[in-house]
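# Survey of secondary and tertiary structure
One-letter residues, chain by chain:
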Amino acid sequence: EFLELEVEWIVDTSGSMTGEPIAESVALVVVVTEALKNVRESLVAEGLAEEEEQPLRVGATKFSAAPKRVSELNDPLTPEKELTMVHHLSMTGGGTTETESLEMVYKGMKLRADNVLKIMIMLSDGAGDRKGVWPIVRQVEQDDQVIFLVASLANTDKGRAIIETYAQALIK
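Okay, so let's go over this structure. These figures come from a predicted structure and were not determined experimentally. (Residues numbered from 1 in each chain as written. Predicted model: local features only at pLDDT ≥ 70, side-chain atom pairs only at ≥ 80, totals over all residues. Heavy atoms only, no water.)

### Concerning unusual backbone geometry
- The backbone of aspartate 144 sits at a positive phi, close to 55 degrees, despite the residue not being glycine.
- Tracing the sequence through the fold places aspartate 144 in the loop between α4 (130-143) and β5 (147-152). (Helix = DSSP H or I, 4+ residues; strand = E, 2+ residues; numbered from the N terminus.)

Structure below.
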């Protein structure tokens, strides 16, 4: 049995992400999604996966004032899904609160099969809700079932704030 892959994007679409930060976020989502589509096509072509199988799954959730599921992990990896993700992730505005998004995505990933490599990728340009985020980050670390990556799309000061929000939760 092959190891499967789930990648969940959690993208900050608050007003501060308008312009270059959201364009860079969307570009990153597209590049990784295209790469996974190519890998899946190769697996099918080589007879290592059936056409209807989805061993590589991508989902996306955006957040500003509230989380919004943009695409489900189990939706097939099609050009339409990718366009839907690009469309919704490109719309910015509102405040920032990532806590609900992290909880929602993490709970969904944790419930899946054990033979799945699970990765959550947070894309943001500023400090998060430390009080709300820290318990979630600590739970992810303690459970040891999901890889959680955070990418800063900001200048140095804001980039440090992101690190303080997420990495400080793990310092004992």
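Still to come is the rest of the account.
### Observations concerning the environment of methionine 104
- As for its placement among the helices and strands, methionine 104 is situated in helix α3 (residues 99-110).
- With residues near it in sequence (within four places) discarded, methionine 104 still touches Thr61 and Pro67. (Contact = heavy atoms within 4.5 Å.)

### Describing the nonpolar core
- In terms of nonpolar packing, the biggest core is built from 20 residues, with Trp9, Val11, Val29, Leu36, Met85, Leu89 and Leu123 touching the most fellow members.
- Of all elements in the fold, only β1 (4-12), α1 (20-45), β2 (56-63), α2 (79-89) and β4 (116-124) reach the threshold of two or more residues within this core.
- Other than its neighbours up to four places away in sequence, tryptophan 9 contacts Leu28, Val29, Val32, Thr33, Val58, Gly59, Ala60, Thr61, Met85, Ile121 and Leu123.
- Leu73, Met122, Val133 and Ala169 belong to the second-largest nonpolar core, a separate cluster that totals 18 residues. (Core = buried A, V, L, I, M, F, W, Y, C linked by side-chain atoms within 4.5 Å. Buried < 20%, exposed > 50% of the residue type's maximum accessible area, 1.4 Å probe, protein only.)

### Quick look at α2
- Within the span of α2, buried status applies to Lys81, Glu82, Met85, His88 and Leu89. The buried residues of α2 occupy an angular sector of 140 degrees when the element is viewed end-on, so they sit on one face. Structural note: α2 exposes Glu80 and Leu83 on the side pointing more than 90 degrees away from its buried face. (Arc of directions from axis to C-beta.)

### Considering the sheet that holds β5
- Spatially, the five strands line up as an open sheet ordered β3-β2-β1-β4-β5, and their pairing is mixed. Each of the sheet's edge strands pairs with one partner strand only, and the pair in question is β3 (67-71) and β5. Across the sheet, the mean angle separating the axes of adjacent strands is 20 degrees when strand polarity is ignored.
- As defined by bridge partners, β2 adjoins β3 across four bridges and the pair is classed as antiparallel. Residue pairing in the sheet places lysine 62 in a bridge with lysine 68 of β3.
- Set on the sheet, α1 makes contact with β1, β2 and β4; between it and β1 the angle comes to about 170 degrees.
- Contacts from α2 reach β1, β2 and β3 within the one sheet, and its direction differs from that of β3 by about 155 degrees. (Pairing = 2+ DSSP bridges. Axes fitted to C-alpha atoms, helices over the stretch in contact; angles between N-to-C directions.)

### Side note on the side chain of glutamate 8
- Tracing the chain through its elements places glutamate 8 in strand β1.
- When near neighbours in sequence (up to four residues on either side) are disregarded, glutamate 8 contacts Gly59, Ala60, Thr61, Arg69, Leu73, Val105, Met109, Ile119, Met120 and Ile121.

All quantities given are derived from atomic positions and should not be read as evidence of function.
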